[in-house]
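# Inside the fold
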Amino acid sequence: LAAAEAGADVVDAAFDAMSGLTSQPSLGALIANVRGTEKDTGMSLSDIGPLNTYWENVRQLYAPFESGQLSGSSDVYVHEIPGGQYTNLLYQSRQLGLTEKWPQIKKKYAEANIILGDIPKVTPSSKVVGDLAQFMVAQNLEMKDVAEQADTLAFPESVVQYLRGEIGVPPGGFPEPLRSTVLKSRGLEPIEGRPGAALEEYKFEEAEALLKSKYGEASISDKDVLSHALYPNVFIDWKNFEAVNGDVGNLPTHLFLNPLKEGDEVTLNLEGGDSGRDYVVKLVSKGQVSEDGTRVVSFAVNGERWFMPVTDQSQEVAGGRREKATNPGDVGSPMPGVVVGLKVDVGDEVKEGEPVATLSAMKMETNIPATASGKVSHVLVNVGDKLEGDDLIMKID
């Protein structure tokens, strides 16, 4: 309302069911407040009522992903975390095992912002600040530690890309000597000017041919080609998921997010539309977990019994506790995450600071550097392995 009074032509609002806290203000409240005035929106509460009901129901389906935030917080004036990122960062922190350190993460966010040059915090620059803040908390780092250890720290990849200039030049310039130290220790050259200006043309036809040769002619659309161009790793992860689970697009959202319990029955139309065939599926029983982590699940599909062996991801493999990195030359995980890349093999010669593995934790990728120069004697993880903080990844002699 204050923005409108000041002359704004357009303001951002959200349907009532999705408004408040870190979201936009209530659209219904704005409509009602200016009704009958010169700023009347021309919309009525009866017009938006059905849409609001729809979003109320959608939000209930995704309740497990709510951040748990119950009220607003005035400390935003201190840490300056954008609203959209605040809830994401809170959820991400829980997944990284840093729930009890949330107040510290907010404090570190303000410090990380200063370290990076007090930058405008919008996508994707706000993610850079958030990644560095969580990294500092996970590694128990102070501002001076970041400056003093910049040549050896396993910074999140987003931080390295920012310092290289891959998302542009901040208004106040890059922080020095941090930028030079980080780039020099990784053998990287800075990007001068706007990074998009030197971007080569994307070869869509060539990319389409490669994708179709890998996934099949019928399974790749123009949208898939564009998705791969924008988010190659995410697209490949999705196709791998699809290869194992099939097309889940016709599954009801509530069923996808909340699997059946024993005795539950549901009717599915997997072909879609009125012409598709209905399947009545009942989960009859779940067998015991075997030594290899699988269990046999029994279904009744239109009265016919099916038996499916599946991997139970919730079960920990016996004896699966990992060794911790404690000795010189040990390369450990800086935080909980999943191994998404191994850059060296046993027998390879590496230099201290050289990236040897990549860890992903809730959209935050980190290149893990060698802790010493020498020969890789042991690699104790595979791509896809889940790690906790300080879990041993490899040994360098």
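Described below are features of the structure shown in this document. If you're wondering where the values come from, they're calculated on a predicted model, not measured in any experiment.

### Looking at the overall build of the protein
- Helix and strand content of the protein: 14 helices and twelve strands.
- For the protein, the spread of C-alpha atoms along the principal axes amounts to about 65 × 65 × 50 Å.
- Relative to its 397 residues, the protein shows a buried fraction of 34%.
- The long-range share in the protein, meaning contacts at least 24 apart out of those at least 6 apart in sequence, stands at 48%.

### So, the sheet that holds strand 7 (residues 349-350)
- Taken in spatial order, the four strands of this open sheet run 5-12-10-7, and their pairing is antiparallel. On the outer flanks of this sheet lie strand 5 (330-332) and strand 7, each paired with one strand and no other.
- Alignment of strand 10 (residues 374-379) against strand 12 (residues 392-396), held across three bridges, turns out to be antiparallel. The residue of strand 12 that forms the bridge with Val376 is Ile396.

### Re helix 10 (residues 178-185)
- Of the positions making up helix 10, those classed as buried are Leu178, Arg179, Val182 and Leu183. Projected onto a plane normal to the axis of helix 10, the buried residues spread over an arc of 115° and lie on a single side.
- Those residues of helix 10 hidden inside the fold are in contact with helix 6 (102-115), helix 8 (143-148) and helix 9 (157-164).
- Following helix 10 by one or two positions, Gly187 adopts a phi angle in the positive range, close to 65°.

### Some thoughts on helix 11 (residues 204-215)
- The first and last C-alpha atoms of helix 11 sit 16 Å apart over twelve residues, in line with the 16 Å expected at 1.5 Å per residue.
- By the burial criterion, the buried members of helix 11 are Ala207, Leu211 and Lys212. Projected down its long axis, helix 11 carries its buried residues within an arc of 130°, all on one side. Turned more than 90 degrees off the buried face of helix 11, the exposed positions are Glu205, Leu210 and Ser213.
- Its buried side turned inward, helix 11 meets helix 12 (222-230) and helix 13 (232-245).
- Following helix 11 by one or two positions, Gly216 has its phi on the positive side, about 105°.

### Examining the pairing of strand 3 (residues 294-301)
- Summarising the sheet, strand 2 (residues 278-286) and strand 3 pair through five bridges and their orientation is antiparallel. When the sheet's bridge partners are listed, Val281 is paired in strand 3 with Val301.
- Two strands pair when backbone bridges link them, and strand 3 and strand 4 (residues 304-311) are joined in this way by eight bridges, in the antiparallel orientation. For Val296, the partnering residue across the bridge sits in strand 4 and is Pro309.
- Linking strand 3 to strand 4, which pair antiparallel, is a turn of two residues; within it Asn302 sits at a positive phi near 50°.

Cut-offs and rules
Residues numbered from 1 in each chain as written. Predicted model: local features only at pLDDT ≥ 70, side-chain atom pairs only at ≥ 80, totals over all residues. Heavy atoms only, no water. Helix = DSSP H or I, 4+ residues; strand = E, 2+ residues; numbered from the N terminus. Buried < 20%, exposed > 50% of the residue type's maximum accessible area, 1.4 Å probe, protein only. Contact = heavy atoms within 4.5 Å. Pairing = 2+ DSSP bridges. Arc of directions from axis to C-beta. Expected span 1.5 Å × (residues − 1).

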